[in-house]
Amino acid sequence: MLDRYLALPGSEPFAALDTEARMRELAARAEQPGPAAETMAATAEYLGIGIANLINLMSPDRVVLSGWVSLSIGHSILDAVQDAAARHTLSYLRDGTRIELGQLGPEAVALGAATLPVMRFLANGG
């Protein structure tokens, strides 16, 4: 996403040095029309199409966008992702899946990993 943005005419270099801060900077710039908004719109469209494919194949009840990227830009693209997914999902599956942002924050991966030994412990009879 960052490289795509920087390749567009009219893009400006990032002030931030690390990737997470650059993503937040990109999201802030996307609030105004221009190359950042174009990049975020394209990203939301591609992500929405990918999620629609997932819905069409697996019919999940929920798709949760989480991780540091979601924390950085999720609020900026969620509506557009939902719209793109709805346009590309089979009509009879369209209303059966919710697409939402994760609520666990930056510790989501660690929390998920922590559940694995507990699940194994419980599965083996405690």
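These remarks concern the structure in this document.

**Considering unusual backbone geometry**
Phi is mostly negative for residues that are not glycine, and the peptide bonds are mostly trans. Phi angles above zero are rare outside glycine, and serine 59 is one such case at about 50°. Here serine 59 is to be found in the loop between α3 (35–58) and β1 (62–65).

**As for the nonpolar core**
Counting residues in hydrophobic clusters, the biggest one holds 21 residues, and the most contacted among them are Leu26, Met40, Ile51, Leu65, Val81 and Ile99. Among the secondary structure elements, those contributing two or more residues to this core are α1 (2–7), α2 (19–29), α3, β1 and α4 (68–88). If we ignore the near neighbours within four places in the chain, the residues touching valine 81 are Ala44, Leu47, Gly48, Ile51, Leu65 and Ile99.

**Quick word on the pattern of salt bridges**
Two side chains carrying opposite charge are able to pair once their charged atoms lie near each other. All told, the structure shown has 5 salt bridges when counted by the stated rule. A salt bridge links glutamate 25 to arginine 29, with the shortest nitrogen-to-oxygen separation between them at 2.5 Å. Of the two residues, glutamate 25 and arginine 29 are both situated in helix α2; the distance of 4 residues between them amounts to about one turn of the helix. The class of glutamate 25 is buried, set by a relative accessible area of 16%. In this structure arginine 29 comes out as partly exposed when scored by relative accessible area, which is 23%. The network of salt bridges with shared partners includes Glu45, Asp83 and Arg87.

**Looking at the packing of α3 against α4**
Their axes nearest at 7 Å, the elements α3 and α4 cross at an angle of 50°. By the angle between their directions, the pair α3 and α4 is classed as oblique. Relative to α4, the crossing made by α3 is right-handed. Judged by residue contacts, Met40, Ala44, Glu45, Leu47, Gly48, Ile49, Ile51, Ala52 and Asn56 of α3 engage Ile73, Ser76, Ile77, Ala80, Val81, Ala84, Ala85, Arg87 and His88 from α4. Within the contact of α3 with α4, the residues separate by chemical class into 12 nonpolar, 4 polar and 2 charged.

**With respect to α4**
A rise of 1.5 Å per residue sets the reference length of α4, with its 21 residues, at 30 Å; its end C-alpha atoms lie only 26 Å apart and thus fall more than 12% short of the reference. At glycine 74, α4 is deflected by roughly 80°, the largest bend along its length. Of the residues making up α4, those classed as buried are Ser70, Ser72, Ile73, Gly74, Ile77, Leu78, Val81, Ala84 and Ala85.

Thresholds, definitions, all that
Residues numbered from 1 in each chain as written. Predicted model: local features only at pLDDT ≥ 70, side-chain atom pairs only at ≥ 80, totals over all residues. Heavy atoms only, no water. Helix = DSSP H or I, 4+ residues; strand = E, 2+ residues; numbered from the N terminus. Core = buried A, V, L, I, M, F, W, Y, C linked by side-chain atoms within 4.5 Å. Buried < 20%, exposed > 50% of the residue type's maximum accessible area, 1.4 Å probe, protein only. Contact = heavy atoms within 4.5 Å. Salt bridge = Lys/Arg side-chain N within 4 Å of Asp/Glu carboxyl O. Axes fitted to C-alpha atoms, helices over the stretch in contact; angles between N-to-C directions. Parallel < 35°, antiparallel > 145°, perpendicular 65-115°, else oblique. Left-handed = near helix turned anticlockwise from the far one by under 90°. Nonpolar A, V, L, I, M, F, W, Y, C, P; charged D, E, K, R; others polar. Expected span 1.5 Å × (residues − 1). Bend = angle between axes of the 7 residues up to and from the residue.

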